[in-house]
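Observations on chain architecture
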Amino acid sequence: MRIDIISVLPELMESPFQASILKRAMQKGLAEVHFHQLRDWSTGKHRQIDDEPYGGGAGMVMMIEPIDKCISELKTQRNYDEIIYLTPDGETLTQKIANMLSIKNNLIFLCGHYKGIDQRVRDLHITKEISIGDYVLTGGELAACVLADAVIRLLPGVLNDEQSALTDSFQDNLLSPPIYTRPSEYKGLKVPDILLSGNSKKIEDWQHEEALRITIERRPDILD
Ligand code: ADE
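Calculation rules
- Residues numbered from 1 in each chain as written.
- Predicted model: local features only at pLDDT ≥ 70, side-chain atom pairs only at ≥ 80, totals over all residues.
- Heavy atoms only, no water.
- Domains from an automatic or database assignment.
- Near = heavy atom within 4 Å.
- Polar contact = N/O pair within 3.5 Å; in protein donor to acceptor, adjacent residues only side chain to side chain.
- Areas by Shrake-Rupley, 256 points an atom, 1.4 Å probe, with all protein chains shown as cover.
- Helix = DSSP H or I, 4+ residues; strand = E, 2+ residues; numbered from the N terminus.
- Nonpolar A, V, L, I, M, F, W, Y, C, P; charged D, E, K, R; others polar.
- Patch = residues over 30% accessible without salt bridge, like charges linked within 9 Å, V, L, I, M, F, W, Y side chains within 5 Å.
- Salt bridge = Lys/Arg side-chain N within 4 Å of Asp/Glu carboxyl O.
- Buried < 20%, exposed > 50% of the residue type's maximum accessible area, 1.4 Å probe, protein only.
- Core = buried A, V, L, I, M, F, W, Y, C linked by side-chain atoms within 4.5 Å.
- Contact = heavy atoms within 4.5 Å.
- Expected span 1.5 Å × (residues − 1).
- Disulfide = S-S within 2.5 Å.
- Pairing = 2+ DSSP bridges.
- Axes fitted to C-alpha atoms, helices over the stretch in contact; angles between N-to-C directions.

1. Some remarks on the domain arrangement of the protein
Domain annotation for the protein reports domain 1 (2–152) and domain 2 (167–222). Averaged C-alpha coordinates put domain 1 and domain 2 at centres separated by 37 Å.

In structure tokens:
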């Protein structure tokens, strides 16, 4: 998978891809992430990429020209499956969306800033608008990292134990059951006996019941 990320602050996104699982995914050639400094496509004197909104109002708007030039150039190099704008007014990111994106080959993520981007960019190029939650960040960069992480970890070969992505919270509309490791007792706090029983059928039933209980308690909205 290749992800091209367009931003005025690409340096903000470097470290998440330079550690641990994402780093290994890059080294193994399973994912490529390329950053594009939007100002490189500005034709303005001061590499300007934003301007005042027509009709007035507070805040600046990201101009169409640099974004259109950048995306158009990328489009001459390969076909993109989705061109995604990270924005608080987009569709809220879910595991289902991450799953769907993980089977694509080429993605563009566009990070917004200020009041947002000229509507004509959305009309012309954007195929999907994604929000990572109902709150406003200073820009789309951290959201782009969150989305890239959620998608890249699903690529075959990225996780050591491939099963583990399948048993994540949300993968089957259930949160995860409680988990434990050694020691079996710590300061009087005991691991549930069932998990020490060695009876895999009973353990599986218990885990499912617990997952159901926790989901009903915390997130009844995600239950089928
Ligand atoms: N940009 C600013 N806030 C955002 C959010 N919540 N999700 C995605 N992009 C954003």
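Still more to cover.
2. Thoughts on the site of the ligand
With respect to spatial proximity, 13 residues lie near the ligand, and among them Thr87, Ile132, Gly133, Tyr135 and Leu137 are the closest. One of the backbone nitrogen or oxygen atoms of Ile132 is found 3.0 Å away from a nitrogen atom of the ligand. Within the contact set of the ligand, a nitrogen atom lies 3.2 Å away from a backbone nitrogen or oxygen of Gly133. Across the complex, the protein chains shield 96% of the 260 Å² of accessible surface that the ligand would expose by itself. The leading source of residues in the shell around the ligand is strand β5 (residues 82–92), at three residues. Here the shell around the ligand is composed, by residue class, of eight nonpolar, five polar and no charged.

3. So, a nonpolar patch on the surface
A cluster of nonpolar residues, Leu12, Tyr135, Leu137 and Leu142, forms a patch on the protein surface that exposes about 360 Å² of accessible area. In this fold, Tyr135 is placed in the loop between β7 (128–131) and α5 (141–152). Residue classification places Tyr135 among the partly exposed positions, given a relative accessible area of 44%.

4. Considerations on the nonpolar core
With 32 residues, the main nonpolar core has Ile3, Ile5, Phe17, Phe109, Leu147 and Ile152 as its most contacted residues. In contact with Leu147, not counting residues within four places along its chain, are Ile84, Leu86, Leu93, Leu101, Phe109 and Ile130. Membership of the second largest hydrophobic core comes to 18 residues, among which are Ile6, Trp41, Ile67 and Cys70.

5. Description of α5
In a regular helix each residue adds 1.5 Å, so 12 residues correspond to 16 Å; α5 covers 16 Å between its end C-alpha atoms and thus fits that length. For α5, a buried count of nine out of 12 residues is recorded, marking the element as mostly surrounded by other parts of the structure. Turning to α5, its buried residues number three or more, namely Glu141, Ala143, Ala144, Cys145, Leu147, Ala148, Ala150, Val151 and Ile152.

6. Description of the state of the cysteines
Joining two cysteines, a disulfide is a covalent bond between their sulfur atoms. A full pass over the atoms with the stated rule returns zero disulfides. The structure places no disulfide on Cys70, whose sulfur is separated from the nearest cysteine sulfur, that of Cys111, by 11 Å. With no disulfide partner, Cys145 has as its closest neighbouring cysteine sulfur the one in Cys111, 7.6 Å distant. Overall, the relative accessible area of 9% leaves Cys145 in the buried class.

7. A look at the sheet that holds strand β2 (residues 32–37)
Within the open sheet, the five strands sit side by side as β2-β1-β6-β5-β7. Their pairing is parallel. Because the sheet does not close on itself, it has two edges, and the strands there are β2 and β7. Averaged over all pairs of adjacent strands, the angle between their axes in this sheet comes to 30°, without regard to strand direction. Bridge analysis of strand β1 (residues 2–7) against β2 gives six bridges, and the strand direction is parallel. Counted as the bridge partner of Ser7 is Gln37 from β2. Packed onto the sheet, α5 meets β1, β2, β5, β6 (106–111) and β7 and runs at close to 160° relative to β6.

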